[in-house]
Amino acid sequence: MKRITVFCGSSFGTEEIYTAQATLLGKTLAKNQIELVYGGANVGLMGAVADGTLNEGGKVIGVLPNFLRSKEIAHQGLTELILVESMHERKTKMNELCDGVMALPGGFGTLEELFEMLTWAQLGLHKKPIAILNTNGFYDSLIELTQTMVDKGFLKSANKEMLLVSDNIDDLLHKMKHYVAPTTGKWIDKEKV
């Protein structure tokens, strides 16, 4: 993996561990010579992961919609900043640039980005690893919900397994590097449920 797209909050959250892990992830990516692709802002966890990467001499590509330049405040120290017109164009560009995707804690935007990448993978539009850094159990309820989706017949178990999860950065990067996309499709046969 040469580049990883990271989706995360433009806020810091209520616990210092979120910022510490975002910064550590950035440093770890740089040390492993993996470039960071992210939303381009200098605020919240977005800024922390970018700064962590840059402070270790890593490369960072930001992708920021023009209309968010004043709200998310474009990071001035990036290797490259790509300006786009829409949120959809942002996700498309981030997907084009990366070899894998990782989500850190965040809000609706982070979840929307994560689930769009999962949906694209489920539909066979890409075969990239998609991961959650489950810092301090932040995503435990979401992981439980994905099992409920399987149990209730709305998600295949093989598609659930596309979502790689760990609370350890090195373990998660190892899982991403060794990921093999499922060969099964999205659709569930009612007779087999």
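I will try to describe carefully the structure that is included in this document. All of these numbers come straight from a predicted model, not from anything done at the bench. Starting from 1, residues in each chain are numbered consecutively following that chain's sequence as written. Local features in a predicted model are, by the rule used here, given only for residues with pLDDT of at least 70; side-chain atom pairs are given and counted only at 80 or more, and totals for whole chains, interfaces and linings are based on all residues. To obtain the side-chain values, all non-hydrogen atoms of the structure were used and water was disregarded.

### A few points about the overall build of the chain
Basically, it comes down to this: Secondary structure elements follow DSSP: runs of H or I of four or more residues count as helices, runs of E of two or more count as strands, with numbering from the N terminus. Radius of gyration means the value over C-alpha atoms here, while the globule rule gives 2.2 Å times the residue count to the 0.38 power. Relative accessibility thresholds used throughout: buried, under 20% of the residue-type maximum; exposed, over 50%; partly exposed, between the two (1.4 Å probe, protein chains only). For every accessible area listed, the method is Shrake-Rupley and the probe measures 1.4 Å; residues are considered covered only by the protein chains on display. His is not counted, nor are the chain ends, whereas Lys and Arg count as positive and Asp and Glu as negative. By convention, the point assigned to a charge is CZ for Arg, NZ for Lys, CD for Glu and CG for Asp.
Per the secondary structure count, the chain includes 8 helices and 7 strands. Taken over the C-alpha trace, the chain has a radius of gyration of 16 Å; the compact-globule value for 193 residues is 16 Å, and the two agree within 12%. By principal-axis analysis of the C-alpha atoms, the chain measures approximately 55 × 35 × 30 Å. Within the chain, buried positions represent 48% of all 193 residues. Summing over all exposed atoms, the chain offers an accessible surface of approximately 9700 Å²; the carbon and sulfur share of this is 51%. Once the 20 positive and 23 negative side-chain charges of the chain are each reduced to a mean point, those two points are 5 Å apart.

### Digging into helix H2 (residues 44-55)
Rules: The span expected for a helix works out to 1.5 Å for each residue beyond the first.
Here H2 spans 16 Å end to end across 12 residues, near enough to the 16 Å set by a 1.5 Å rise per residue. Of all 12 residues that make up H2, 9 are buried, and the element is covered over most of its length. Residues of H2 that are buried include every one of Gly-44, Leu-45, Met-46, Gly-47, Ala-48, Val-49, Ala-50, Gly-52 and Thr-53, and no others. At the C-terminal side of H2, Gly-57 shows a positive phi close to 85°.

### Focus: the sheet that holds strand S5 (residues 100-103)
Inclusion rule: Two strands form a pair only when DSSP identifies at least two bridges running between them. Here an axis means a line fitted to C-alpha atoms, over the contact stretch when the element is a helix, while the angle between two N-to-C directions is reported on a 0 to 180 degree scale. Here a residue-residue contact requires only that any non-hydrogen atoms of the pair lie within 4.5 Å.
Sheet architecture is open: 7 strands sit in the order S4-S3-S2-S1-S5-S6-S7, paired in parallel fashion. Sheet topology places strand S4 (80-84) and strand S7 (163-166) at the edges, where each strand pairs with a single neighbour. Going across the sheet, the axis of each strand differs from the next one's by a mean of 25°, ignoring polarity. Relative to strand S6 (residues 130-133), S5 runs parallel, the two being bridged by 3 bridges. Each bridged residue has a counterpart across the sheet, and for Ala-103 the counterpart in S6 is Ile-132. Strand contacts of H2: strand S2 (35-38) and strand S3 (60-65), with the helix running at about 160° to S2, the strand carrying the most contacts.

### Remarks on unusual backbone geometry
For Gln-33, which is not a glycine, the phi torsion comes out positive at approximately 55°. On the basis of relative accessibility, which here comes to 70%, the residue Gln-33 falls in the exposed class. Phi angles above zero are rare outside glycine, and Asn-136 is one such case at about 55°. Inspection of the secondary structure puts Asn-136 in the loop between S6 and helix H6 (140-151).

### Some points on the packing of helix H1 (residues 16-31) against H2
Each pair of packed helices can be described by the angle between their axes along with the distance between the axes. Stated precisely, the cut-off is as follows: Two helices crossing with the near one rotated counterclockwise from the far one by less than a right angle form a left-handed crossing, whereas a clockwise rotation gives a right-handed crossing. All residues other than Ala, Val, Leu, Ile, Met, Phe, Trp, Tyr, Cys, Pro, Asp, Glu, Lys and Arg, Gly among them, are scored as polar; the first ten of these are nonpolar and the last four charged.
Running from amino to carboxyl end, H1 crosses H2 at an angle of 35°, the nearest separation of the two axes being 6 Å. The way H1 lies across H2 gives a crossing that is right-handed. Here Tyr-18, Thr-19, Ala-22, Thr-23, Leu-25, Gly-26, Lys-27 and Ala-30 of H1 come into contact with H2, specifically with Leu-45, Ala-48, Val-49, Gly-52 and Thr-53. Residue composition of the contact of H1 with H2, by class: 7 nonpolar, 5 polar and 1 charged.

### Topic: the packing of H1 against helix H8 (residues 169-177)
The test is simple: Here is the rule for angles: anything less than 35 degrees is roughly parallel, anything more than 145 is roughly antiparallel, 65 through 115 is roughly perpendicular, and the remaining ranges are oblique.
Two numbers describe how H1 lies on H8: the axes approach to 10 Å, and their chain directions differ by 50°. It follows that H1 is oblique to H8 by the angle criterion. With respect to the hand of their crossing, H1 and H8 are arranged in right-handed fashion. Taking contact as the criterion, the partners of Gln-21, Leu-24, Leu-25, Thr-28 and Leu-29 in H1 are, on H8, Ile-169, Asp-170 and Leu-173. Looking at side-chain class alone, the contact of H1 with H8 contains 5 nonpolar, 2 polar and 1 charged residues.

Fair warning: the whole summary comes from geometry, so function is off the table for now.
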